[in-house]
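The residues making up each chain are set out below.
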Amino acid sequence: MRRCAGPLLRLAGRRALPLRHGAAAAFPASFSSSSDGSGGSRAPDTSLFVPVPLKPVGDAAEEDVGAELTRPLDKGGCGLSVVRPSVRRSARLFHQAFISFRKYIMESSSVSADLHIILNDICCGAGHVDDLFPFFLRHAKQIFPMLDCMDDLRKISDLRLPPNWYPEARAIQRKIIFHAGPTNSGKTYHAIQRFLSAKSGIYCGPLKLLAHEIFQKSNAANVPCDLVTGEERVYANEDARQASHIACTIEMCSTNTPYEVAVIDEIQMIRDPARGWAWTRALLGLSAEEIHVCGEAAAIDLVTELMYTTGEEVEVRNYKRLTPLTVLDYALESLDNLRPGDCIVCFSKNDIYSVSRQVEARGLECAVIYGSLPPGTKLEQAKKFNDPDDPCKILVATDAIGMGLNLCIKRIIFNSIVKPTINEKGEKEIDLITTSQALQIAGRAGRYGSSFKQGEVTTMHRDDLVQLKEILSEPVRPVKAAGLHPTAEQIEMFAYHLPDATLSNLIDIFVSLSQVDGLYFVCNIDDFKFLADMIQHIPLNLRSRYVFCTAPLNRKEPFVCTTLLKFARQFSRNEPLTFDWLCRHTKWPLAPPKNIKELVHLEAVHDVFDLYLWLSYRFMDMFPDAALVRNIQKKLDDIIQIGVCNITKLIRASQSSAASGAAEVVSLKAYRSSTRQEDLKSHGRGSLANRLLREGLLTQEMLRQLESEWQDQHRNGRYGLETGKKKK
């Protein structure tokens, strides 16, 4: 289209577009604001804005009014080249919009009458290129709908005043009491005593094990208490009437229910890159007369500052460790030096497997605890280790023992002092353990009330001991900021303005536009986005999609991720996920594991049952068989316990299987090598087909087909031609 190509090129090439039209300022103005230190607006990441496809107009059913009023536009070969517009912050967005606008005009069989007339006038020299700008702007707003609602999007993603999100909490004057101290100092004990004496209360902990422990203690003290976790509801009253006290995992706490006392445990986790938002929500939003916060002294300053923004004062109660803890001057160096009550701490499953086998090879029985084990199995292993009448006197564990389990440990032995971690960007790093982590783990030795009145800490290797002493002597790094996470309501408001965007894209845009002050940060959303992308192709309403994406699962477990995908697909078809369906999918019933691979699979199946139960409390009609699933999950827990008790046998079976597999590979390679040598000796150069047939790489049918094709190629002369082309 030579005649209308010129105006389009001139439109793109304008260095600064004249603002002859009032609306012309809207495009760059929406994106030209810059970030300042006072929390002002910042320029969004325009690479996140995905253009909405806009199809060119096909053959018009009616006559082309513009052509009738003027004349048809010449759509011959135009040879347009891409001209990069020079616009300050929105160059990328402007360029995308221009390319789309040009493509739309070039590929449409007709355009609107007013645009047709403008293009014709410019081609005839009767109009100005700037006259195209309103049409360009209209097109840009069609493919980038956020242009029209950027101010609204900024307001929705403004996270600078989280205290205002909880009007019930702001309506009362709360008393904040910070119980600060190291592990084994009694800080949580004192907070729980106040919880038990209150007329109503809620305990919020980081783990199901901790919530279950408080649930049991409360009911044992004749204080009716319900248990609420993501996967389970247990009522103290037989008639399922809600009790006045609740023990829950922190994500499950209600900010609408009034309580006399609330306990928030492990407050230092407010800085956690993935889960920190849950502690922020509990601290700011719980509607309780007294909030008892327990954790490291490193979080005192941040909690005090956060409460200053709510107009609430913080009373700090400091506690000291109840039993002495000694860092030994010598490393263990050899597993031959193990003593009853020793706990070897590893930071990977492979180290767990290796160390536990070496321990039992010395005739010592050991308990094993690591993060992916079911809670019931962890408790059974802890019970086995704690039992003075049980021959098991050694514990091999990961840092999962850092909280949630009461263990009678005399000496903590760090097998290593480096640990894989996830940084703020969601990237995996291997670094030295922090002072906070080292103290949390080391503090498990010499628990108050146990048979060991003094704790000891050392390392497996002599070189690590010097570094461990340095780490433990350093002050704990202060907690600087509290985590936040976009809510379902905020994402729904975003979706109202951007109906064509995917959930993953909505989250990205939200984080890009979000504004937080120095006391907060936006939590890592990689897991959420991973699930959002995984189920994007499944037709779900936004709220259901959001719930599925917040499901607590390990994305490194392919079986669990695949199951979530199947759950979402069947859910979208409005087909209930029954007990029978789940049994077929997981191949239940399952047998005790014969090797480590089977044990890992059983742990993944347990996670699938957890996922079903978690979804059953959010979509009760679609996941109707929670009671039946909970029953088989308990049976699976018993099966996994059998596997863990025999873990060294499983390791041996896995290693022997791997060794036999390696031997088979070696023997197969040797056989093939000898066969090739024999073929070369007996058949010389003409033995290729025979060798391929003998090795199973070629069948007689394939050989006949190749022979037929070879003959056809020679008859037609194609083979030589193709070969000649390749040589060139």
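Our structure's up above, just so we're on the same page.
Report follows, based on the coordinates. (Residues numbered from 1 in each chain as written. Predicted model: local features only at pLDDT ≥ 70, side-chain atom pairs only at ≥ 80, totals over all residues. Heavy atoms only, no water.)

## Focus: the overall build of the chain
Counting its regular elements, the chain contains 28 helices and 18 strands. Every one of the 728 residues in the chain was classed for burial, and the buried ones make up 47%. Within the structure as shown, the chain displays about 35,800 Å² of accessible surface, and the carbon and sulfur contribution to it stands at 52%. (Helix = DSSP H or I, 4+ residues; strand = E, 2+ residues; numbered from the N terminus. Buried < 20%, exposed > 50% of the residue type's maximum accessible area, 1.4 Å probe, protein only. Areas by Shrake-Rupley, 256 points an atom, 1.4 Å probe, with all protein chains shown as cover.)

## Some points on the nonpolar core
Across soluble globular proteins, you tend to see nonpolar side chains buried next to one another. Counting 150 residues, the largest nonpolar core has F548, F567 and F623 as its most contacted members. Here this core takes 12 residues from helix 23 (residues 596–616), the largest share from any one element. Setting aside chain neighbours within four positions, we find F567 in contact with F548, L577, W581, L582, V608, L611, Y612, L615 and F623. Judged by nonpolar contacts, the second largest core, of 27 residues, contains V345, A397, L407 and I433. (Core = buried A, V, L, I, M, F, W, Y, C linked by side-chain atoms within 4.5 Å. Contact = heavy atoms within 4.5 Å.)

## As for the environment of A532
Secondary-structure assignment places A532 in helix 19 (residues 526–534). Separated by 14 residues in the primary sequence, A532 and Y546 have C-alpha atoms spaced 7.9 Å apart.

## Concerning the packing of helix 21 (residues 558–572) against helix 23
One can describe the packing of helix 21 onto helix 23 by two numbers: an axis separation of 9 Å at closest approach and a directional angle of 30°. In terms of orientation, helix 21 and helix 23 fall into the roughly parallel class. As helix 21 runs across helix 23, the sense of the crossing is right-handed. From helix 21, F559, V560, T563, L564 and F567 reach across to helix 23, where they touch H601, A604, V605, D607, V608, L611, Y612 and L615. Classifying every residue of the contact of helix 21 with helix 23 gives 10 nonpolar, 2 polar and 1 charged. (Axes fitted to C-alpha atoms, helices over the stretch in contact; angles between N-to-C directions. Parallel < 35°, antiparallel > 145°, perpendicular 65-115°, else oblique. Left-handed = near helix turned anticlockwise from the far one by under 90°. Nonpolar A, V, L, I, M, F, W, Y, C, P; charged D, E, K, R; others polar.)

## Focus: the pairing of strand 2 (residues 201–205)
On a regular strand, each side chain points to the face opposite its neighbour's, so the side chains alternate between the two faces of the sheet. The element strand 2 is largely enclosed, with a buried count of 5 among its 5 residues. Burial along strand 2 is two-sided: G201, Y203 and G205 facing one way and I202 and C204 facing the other are all buried. Across 5 bridges, strand 2 lies against strand 5 (residues 245–249) in parallel orientation. Within strand 5, the residue paired with G201 across the bridge is H245. Taken together, the 4 bridges between strand 2 and strand 6 (residues 259–264) define a ladder with parallel strand orientation. Counterpart to C204 in the pairing with strand 6 is I264. (Pairing = 2+ DSSP bridges.)

## Section: the pattern of salt bridges
With the rule as written, the count across this model stands at 25 salt bridges. Taking the shortest distance from any N to any O, the salt bridge between D158 and R160 comes out at 2.6 Å. Residues K410 and E456 are paired through a salt bridge, measuring 4.0 Å at the closest nitrogen-oxygen approach. Taken together, the positions of K410 in the loop between strand 12 (394–397) and strand 13 (411–414) and E456 in strand 16 (residues 455–459) put the pair 46 residues apart, joining distant regions of the chain. Within the structure, one salt-bridge network assembled from shared partners comprises R194, E260 and E290. (Salt bridge = Lys/Arg side-chain N within 4 Å of Asp/Glu carboxyl O.)

## Regarding the sheet that holds strand 7 (residues 288–295)
Sheet architecture is open: 8 strands sit in the order 4-3-5-2-6-7-1-8, paired in mixed fashion. Bordering the open sheet on either side are strand 4 (233–234) and strand 8 (314–318), each of which pairs with just one other strand. The pairing of strand 1 (residues 175–180) with strand 8 spans 5 bridges and is parallel. Considered in strand 8, the bridge of H179 is made with R317. Running over the sheet, helix 9 (residues 187–197) touches strand 1, strand 2, strand 3 (225–228), strand 5, strand 6 and strand 7 and is turned about 160° from strand 7.

## Here's the deal with helix 22 (residues 579–586)
Among the 8 residues in helix 22, 6 count as buried, and that is most of the element. Its buried side turned inward, helix 22 meets helix 21, helix 23 and helix 24 (626–645). Following helix 22 by one or two positions, K587 has its phi on the positive side, about 60°.

## A closer look at the sheet that holds strand 11 (residues 366–369)
Taken in spatial order, the 6 strands line up as 9-16-13-10-12-11 in an open sheet, and their pairing is parallel. The open sheet is flanked by strand 9 (325–327) and strand 11, the only strands paired with a single partner. When the angles between neighbouring strand axes are averaged without regard to direction, this sheet yields 20°. Taken strand by strand, helix 14 (residues 375–386) contacts strand 10 (342–345), strand 11 and strand 12, and its axis lies near 150° from that of strand 11.

## Considerations on unusual backbone geometry
In this chain, W588 is followed by P589 through a cis amide linkage whose omega measures 5°. Positionally, P589 belongs in the loop between helix 22 and helix 23. Even without a glycine there, the phi angle at N184 is positive, about 70°. You can see N184 is positioned in the loop between strand 1 and helix 9.

## Remarks on the packing of aromatic side chains
Scanning the model with the defined rule gives 13 aromatic pairs in all. Aromatic pair F101 and F136: ring centres 5.7 Å apart, planes at 65°, arrangement edge-to-face. Taken as a pair, F101 in helix 4 (residues 91–107) and F136 in helix 6 (residues 133–143) lie far apart in primary sequence, 35 residues in all. For the pair shown, F101 and F136 are each scored as buried. The structure contains a cluster of three or more aromatic residues connected by ring pairs, namely F567, W581, Y612 and F623. Cation over ring: R233 sits above Y617, and NZ or CZ is 4.3 Å from the ring centre. Across the ring face of W614, the terminal group of R618 is positioned such that the distance to the ring centre comes to 3.8 Å. (Phe/Tyr/Trp six-rings, centres within 6.5 Å; stacked < 30°, edge-to-face > 60°. Lys NZ or Arg CZ within 6 Å of the ring centre and 35° of its normal.)

## A word on a nonpolar patch on the surface
Side chains of V418, I430 and L432 sit close together on the surface and give an oily, nonpolar patch of about 260 Å² of accessible area. Tracing the backbone through its elements, the reader meets I430 in strand 15 (residues 428–432). Residue class for I430 comes out exposed when judged on its relative accessible area of 64%. (Patch = residues over 30% accessible without salt bridge, like charges linked within 9 Å, V, L, I, M, F, W, Y side chains within 5 Å.)

## As for the side chain of E456
A relative accessible area of 13% places E456 in the buried class. A distance of 3.0 Å separates a polar atom in the side chain of E456 from a polar atom in the side chain of R339. Among residues more than four places away in sequence, those in contact with E456 are L325, T326, L328, R339, K410, R411, I412 and A445. (Polar contact = N/O pair within 3.5 Å; in protein donor to acceptor, adjacent residues only side chain to side chain.)

## Some details on the environment of L302
Turning to its location among the elements, L302 is positioned in helix 12 (residues 300–310). On the basis of relative accessible area, L302 is assigned to the buried category, the value being 2%. When the C-alpha atoms of L302 and K480 are compared, they prove to be 6.2 Å apart, with 178 residues separating the residues in sequence. In contact with L302, not counting residues within four places along its chain, are I270, V479, K480, A481, A482 and L519.

## Side note on helix 20 (residues 542–549)
The periodicity of an α-helix, 3.6 residues per turn, causes residues three or four places apart in sequence to face the same way. With 6 of 8 residues buried, helix 20 lies mostly within the body of the structure. Turning to helix 20, its buried residues number three or more, namely S544, R545, Y546, V547, F548 and C549. For helix 20, the elements touching its buried residues are helix 17 (488–497), helix 18 (503–513), helix 19, helix 21 and helix 23. Backbone nitrogen of R543 and a side-chain oxygen of the N-cap are separated by 3.3 Å at the start of helix 20; the cap is N541.

## Structural notes on the side chain of K384
Following the sequence through the fold, K384 ends up in helix 14. Given a relative accessible area of 13%, K384 falls into the buried group. Among the polar contacts made by the side chain of K384, one reaches the side chain of E365 at a distance of 3.2 Å. Beyond its immediate sequence surroundings of up to four residues, K384 is in contact with E365, C366, D390, C392 and C645.

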